[in-house]
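Observations on chain architecture
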Amino acid sequence: MEHQERPGRARGLRRALSVVGALGLLGACGPINAGSLDTISGGDPQTADDAAGLVGERDSNIAGKKLSSGAVHSKAAPDTPTTAALAKSASDPLEKPSSTTAIDSSDTPAASALRLQSRRSTTTTAPPPITTIAPPPTPTIARPPTTTTPRSQPTGVIVNVTDFGAVPNDAKDDQDAIQRAIDSAPPGATVVFAPGAYLHRDVIEVHTTGVTLWGYGASLDGTNRQKHSVVLIGNKTSILGFTIFSHPTERLNAEEQMGISIRFSDGSVVRDNTVRDTSSAGIFIWGASNYAVLNNVVENTQSDGIHSVSGSHNGLIEGNRLRNVGDDCFAVISYIDEGLMTRDITIRNNSCVGGKARGLSVVGGTDVLMIGNRIEASAAAGVYLASEPSYDTYAAKRVQVIANTFIGVNTNKDIYHGGVFIWGRSGSASTKDGTVYSLQNEDILIRDNTITNTVVGSAQIVAQGADSRRVNIAGNVLTGSKSPTRIDLASNQYNLVRNTNNGSPIADHIGDASNLP
């Protein structure tokens, strides 16, 4: 977090693609499809075909009412991310970005596709008329069990890696045999790994549509810390039941250094895996659509736990357990230079303990629902919604943070966030399809969360600067010694209602009665 922490922490992910054909070109996404995965039960698809029902239907809960975005011209904003900066006046400038940023797809090379980053930002004013958010009903959270036991045995065409020369537990490299087995599998086949340990020295790729890797009881030991990921490329591909790990000595930043990557595929499923000790992120979702990441364990990564970027959309991330990840636990990111908006994602009933940055973050993204998650002892904010100039991201739009639990978050004294941290900036930017988005955060709902004993920050809930609009903070239960809220927003741009602090009601603020949650 360049603007929140001291220099020296390595952050940022950008892969220079040596062979463009091997990775594919970034493609423009279709129009934004509002809706919600909130109505989906905690189902666990066995394969990508089963996942279609999970990620294909969305209702109106997540989006509220969509807004047309335009250029926003406004003044510079306060800089309050560090302890020293809190002493500044709200009028002290941080920087003044240009009011508009036009994105030309020809200026977005494939080489800019991958980055895992920290964040920084600015702010604006000049509020437009308020538009009502339509909040969903208070949910009943049913946390699904995390399991490594298969729900059923594979059916259909079966390809066994042992038939191609892979031998578990022989302490010999099985890379070539594994890749031959996968490449030989016809569409819809299941590639079965007998229980045991398999060594591999390079990236494993799944190109054929509908192929499932079945690994209950099997482990993939990536002996080369530079190249050890399993990459789902074909549509409706899946990986189920593996333990995946490598031997990192430092943080690295390329796709081949993730645990599992979903690369521009549609309908892929990552389920029941344990991913640990990776050189970069645990599970990386790059330009994917209609994906499901379910009931995985992610531990001791060098970068983010589960990261969605580059226009990934219509995704369900549910029932995952994360611990000691090297950056954000769950991240949704959209970079302006790619011109792609990451959108329509539900992050539900997950947990993360001891993440090295934020718990839940949307740094550029639309129509995101984060519900029923539990975040403990994250180094930075439990939830972070922002547009950042240092990484040139879009803002958070139509984001709902509902019924989550945040315990003892923001443990790093050099990162001055609080439990919930919201900030935007002035200006606007276009996506490749020509849609213009304000860089202010808009239509944010923080509702029915429990925030306990936040360690660092000026308050448990912080909305910094004036560059967020139509923010509702309602029904949250706060406990601890910190001030409950610090809200810098224009009076008519937020409502603060039905919240409590240490058992006592927090004074309501109704900036727009028509927008009450």
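If you're wondering where the values come from, they're calculated on a predicted model, not measured in any experiment.

Definitions and limits used
Residues numbered from 1 in each chain as written. Predicted model: local features only at pLDDT ≥ 70, side-chain atom pairs only at ≥ 80, totals over all residues. Heavy atoms only, no water. Helix = DSSP H or I, 4+ residues; strand = E, 2+ residues; numbered from the N terminus. Buried < 20%, exposed > 50% of the residue type's maximum accessible area, 1.4 Å probe, protein only. Contact = heavy atoms within 4.5 Å. Areas by Shrake-Rupley, 256 points an atom, 1.4 Å probe, with all protein chains shown as cover. Phe/Tyr/Trp six-rings, centres within 6.5 Å; stacked < 30°, edge-to-face > 60°. Lys NZ or Arg CZ within 6 Å of the ring centre and 35° of its normal. Core = buried A, V, L, I, M, F, W, Y, C linked by side-chain atoms within 4.5 Å. Salt bridge = Lys/Arg side-chain N within 4 Å of Asp/Glu carboxyl O.

**Remarks on the overall build of the protein**
For the protein, the count of helices and strands is three helices and 41 strands. Going through the 517 residues of the protein one by one, you find that 61% of them count as buried. Contacts in the protein between residues far apart in sequence, at least 24 positions, make up 73% of those at least 6 positions apart. By element, 51% of the accessible surface of the protein is carried by carbon and sulfur atoms, the whole surface being about 16,800 Å².

**Re the packing of aromatic side chains**
Considering all chains together, one arrives at seven aromatic pairs under this definition. Ring centres of Phe193 and Phe242 lie 4.9 Å apart, and the angle between their planes is 80°; on these two criteria the pair is classed as edge-to-face. Here Phe193 is found in the loop between β3 (190-192) and β4 (196-200), whereas its partner Phe242 is found in the loop between β9 (238-240) and β10 (243-245), with 49 residues between them in sequence. One exposure class covers both Phe193 and Phe242, and it is buried. Feature note: the residues Phe193, Tyr198 and Phe242 constitute an aromatic cluster, connected by ring pairs. Above the face of the Tyr384 ring, Arg358 is positioned so that its terminal group lies 4.1 Å from the ring centre.

**Some details on the nonpolar core**
The biggest cluster of nonpolar side chains holds 70 residues, and the ones touching the most others in it are Val191, Phe193, Leu213, Phe330, Met370 and Leu385. Counting 17 residues, the second largest nonpolar core, distinct from the first, contains Met258, Ala381, Tyr384 and Ala459.

**Section: the pattern of salt bridges**
Within this structure, the stated rule accounts for 21 salt bridges. Across the salt bridge formed by Arg263 and Glu205, the nearest N and O atoms sit 3.6 Å from each other. Of this pair, Arg263 sits in strand β11 (residues 260-263) while Glu205 sits in strand β5 (residues 204-206); the two residues are 58 residues apart in sequence, bridging distant segments of the chain. Residue class for Glu205 comes out partly exposed when judged on its relative accessible area of 22%. Here Arg276 ties to Asp277 by a salt bridge, and the two come within 2.9 Å at their closest N and O atoms. With a relative accessible area of 27%, Arg276 lands in the partly exposed category. A relative accessible area of 22% places Asp277 in the partly exposed class. Salt bridges linked by common partners bring Lys397, Glu442, Asp443, Arg469 and Arg470 together as one network.

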